[in-house]
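Overview (structure and organization)
Listed below, chain by chain, are the residues.
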Amino acid sequence: MDDELVIEALGAQGDGIATVAGAQVFIPFTLPGERVRADLDGGRGRLREVIEESPDRRTSSCLHFGTCGGCALQHMVEDAYLAWKRDQVFRAFAARGLSPEVSPVLPVAPASRRRAVLTARRGRGNSVSLGYHRRQDRELVDVQECPVLRPAIVAALPGLRGLLNLLLAGRSEARVTILETVTGLDVLVEGVPEPQSHHVLAGIAGLAANAGLIRLTVGSELLFQSGEPQIHLGKALLSPPPGAFLQAVASAESELAQRILAACAAARNVADLFCGAGTFALRLAGGCEVAAFELDSALLTALRAAGARSQGLKKLTIERRDLFREPLTARELGRFDAVVFDPPRAGARAQAQELAASKVPVVVAVSCNPATLAR
């Protein structure tokens, strides 16, 4: 179906919203106020033509934009984009009957994302595609450039394709997590078996070294390592486990940490819930005692090692605990001057209820999702 539509707003995922027969239709790569022509299929549309452009439209600098599903709004000027991002926070809180003060958005620089999760797929012959899926589609876009990723990651993509050509033998697809560390690229490949041939293993090691990898892990097996992958966390130096979640942009992580430190400046005893590998706990421990709680054993092992080799930290207590099933109770929380919690996107209902019932004077919530944070 081919319809001429007016885009009324942007949805939470960055798609333009139009109304057709009283129902919302989502059309990617459009902006509010634009008149467009699109092919409609139920509640979604595929853009065919922009008849009347928004003044907020710009030309993307990425040759893959519009096909790659990695980015949604590179066609929007920065001021309008930042205003939209801020509005997402307002709307999420308003939906819960809340109206907090929302600070201006702090943008990150281009080419600053140090962590990427890509898909690798074997095509016809020996070709390997490495990139992102199209939006709402299983088709894979073979990424040749990316203005969002750190240059070292982009530069390594050709070498990674050669390496994956060996690993993908007999398999069609793999998940590839890449992290730029201070010492080199840390890569985890999942979805392929560990190669058994000594010849293949030797070839993989050579390709990994040429691609600038510091470590290569396939599944749970370490295939190549030329040193320790390391991340600076304040005074501490962390060696993360393969595939560990870390803030994607180092400057954003630093900004979050500075705000948390400022909020907890008067505290002598802080709890860090869902602490991960210590992104905030290690920084907080530079000025106060910290009790860190996390379920993932690999992350806690990395946190313990970082704490043990770091100088100038105050007491850092680390406990493995499932805060979904066994949240810290209001009574347990009573011994802390401040609590920081950064749960997964699903949220932390049980722990939030205990925090609400506690007498902790300062609670700092960190979230990547406005709806989760508001809830």
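Structure shown above.
Here the structure is a predicted model, which means the values were calculated and not measured.

Rules behind the numbers
- Residues numbered from 1 in each chain as written.
- Predicted model: local features only at pLDDT ≥ 70, side-chain atom pairs only at ≥ 80, totals over all residues.
- Heavy atoms only, no water.
- Helix = DSSP H or I, 4+ residues; strand = E, 2+ residues; numbered from the N terminus.
- Rg over C-alpha atoms; globule rule 2.2 N^0.38 Å.
- Buried < 20%, exposed > 50% of the residue type's maximum accessible area, 1.4 Å probe, protein only.
- Contact = heavy atoms within 4.5 Å.
- Areas by Shrake-Rupley, 256 points an atom, 1.4 Å probe, with all protein chains shown as cover.
- Lys, Arg positive; Asp, Glu negative; His and termini not counted.
- Charge placed at Lys NZ, Arg CZ, Asp CG, Glu CD.
- Phe/Tyr/Trp six-rings, centres within 6.5 Å; stacked < 30°, edge-to-face > 60°.
- Salt bridge = Lys/Arg side-chain N within 4 Å of Asp/Glu carboxyl O.
- Polar contact = N/O pair within 3.5 Å; in protein donor to acceptor, adjacent residues only side chain to side chain.
- Pairing = 2+ DSSP bridges.
- Axes fitted to C-alpha atoms, helices over the stretch in contact; angles between N-to-C directions.
- Right-handed = clockwise from strand over helix to strand, strands pointing away.
- Core = buried A, V, L, I, M, F, W, Y, C linked by side-chain atoms within 4.5 Å.

**Topic: the overall build of the chain**
Broken down by element type, the chain carries 9 helices and 20 strands. Its C-alpha atoms give the chain a radius of gyration of 23 Å, within 12% of the compact-globule value 21 Å for 375 residues. Along the first, second and third principal axes, the C-alpha set of the chain runs to 65 × 65 × 35 Å. The buried share of the chain, taken over its 375 residues, is 44%. By sequence separation, contacts in the chain at least 24 residues apart represent 58% of the contacts at least 6 residues apart. With the model as given, the accessible surface of the chain reaches about 18900 Å², and the carbon-plus-sulfur share is 50%. Distance between charge centres in the chain, computed from 42 positive and 40 negative side chains, equals 5 Å.

**Some details on the packing of aromatic side chains**
As enumerated under the stated definition, the model contains 3 aromatic pairs in all. Look at Phe 29 and Phe 65: their rings are 5.2 Å apart centre to centre, the planes differ by 80°, and that puts the pair in the edge-to-face class. In this pair, Phe 29 sits in the loop between β4 (23-27) and β5 (35-41) while Phe 65 sits in the loop between β6 (44-52) and α1 (78-94), placing the two residues 36 residues apart along the sequence. For the pair Phe 29 and Phe 65, one class covers both residues: buried.

**Let's talk about the side chain of Glu 294**
Tracing the sequence through the fold places Glu 294 in strand β17 (residues 289-294). Here Glu 294 occupies a buried position and makes no salt bridge, while the nearest side chain of opposite charge, Arg 320, is found at 8.0 Å. Within the local environment of Glu 294, its side chain forms a polar contact with the backbone nitrogen of Cys 275, the two atoms lying 3.5 Å apart. Ignoring sequence-local partners within four residues, the contact set of Glu 294 consists of Phe 274, Cys 275, Gly 276, Leu 299, Leu 300, Glu 319, Arg 320 and Arg 321.

**Quick word on the sheet that holds strand β9 (residues 140-142)**
Reading across from one edge, β9-β8-β7-β10-β11-β12-β13 is the order of the 7 strands in this open sheet, with mixed pairing throughout. A strand with exactly one partner marks an edge of an open sheet, and here the two such strands are β9 and β13 (221-225). With strand direction ignored, the average angle separating the axes of adjacent strands in the sheet is 30°. Two elements, strand β7 (residues 115-122) and strand β8 (residues 128-133), share 4 bridges in a ladder whose sense is antiparallel. Among the inter-strand pairings, Ala 120 is bridged to a residue of β8, identified as Leu 130. On the sheet, helix α2 (residues 151-167) packs against β7, β8, β9, β10 (173-180), β11 (185-190), β12 (213-218) and β13 and is oriented at approximately 125° with respect to β8.

**A short note on the pattern of salt bridges**
The tally for this structure, following the rule as stated, stands at 21 salt bridges. A salt bridge links Arg 44 to Asp 15, with the nearest nitrogen and oxygen atoms 2.9 Å apart. With Arg 44 in strand β6 and Asp 15 in the loop between β2 (9-10) and β3 (16-20), this residue pair connects regions lying 29 residues apart in the sequence. Its relative accessible area of 3% is what places Asp 15 among the buried residues. Between Arg 259 and Glu 255 there is a salt bridge, and its shortest N-O distance comes to 2.8 Å. With Arg 259 and Glu 255 both in helix α4 (residues 250-263) and 4 residues apart, this pair spans about one turn of that helix. For Arg 259, a relative accessible area of 47% corresponds to the partly exposed category.

**Observations concerning the pairing of strand β20 (residues 362-365)**
Looking at chain direction, strand β19 (residues 338-341) and β20 are connected through 4 bridges and run parallel. Bridged to Phe 341 within β20 is Ala 365. Taking the sense of rotation as the criterion, the β-α-β connection linking β19, helix α8 (residues 349-357) and β20 turns out right-handed.

**A short note on the nonpolar core**
Counting residues in each nonpolar core, the largest one holds 35 residues, and the members touching the most others are Leu 164, Leu 167, Val 189, Leu 213 and Leu 216. Of all elements in the fold, only β7, β8, α2, β10, β11, α3 (198-210), β12 and β13 reach the threshold of two or more residues within this core. Setting aside its immediate chain neighbours within four residues, Leu 216 contacts Leu 163, Val 187, Val 189, Ile 204, Glu 221, Leu 222, Leu 223 and Phe 224. Counting 32 residues, the second-largest nonpolar core is a separate cluster that includes Leu 238, Cys 275, Leu 299 and Ala 302.

**Details of the sheet that holds β19**
Strand pairing in a sheet is mediated by backbone hydrogen bonds. Such pairs are either parallel or antiparallel. A sheet is described by the order of its strands in space; here 5 strands give the open sequence β18-β17-β16-β19-β20, paired in parallel fashion. Pairing within the sheet leaves two strands with one partner each, and these edge strands are β18 (316-320) and β20. Strand-to-strand, the axes of this sheet are offset by a mean angle of 15°, without reference to chain direction. For strand β16 (residues 269-273) and β19, the ladder comprises 4 bridges, and the chain directions are parallel. Counterpart to Ala 271 in the pairing with β19 is Val 339. Lying on the sheet, helix α6 (residues 297-309) is in contact with β17 and β18; it crosses β18 at an angle near 165°.

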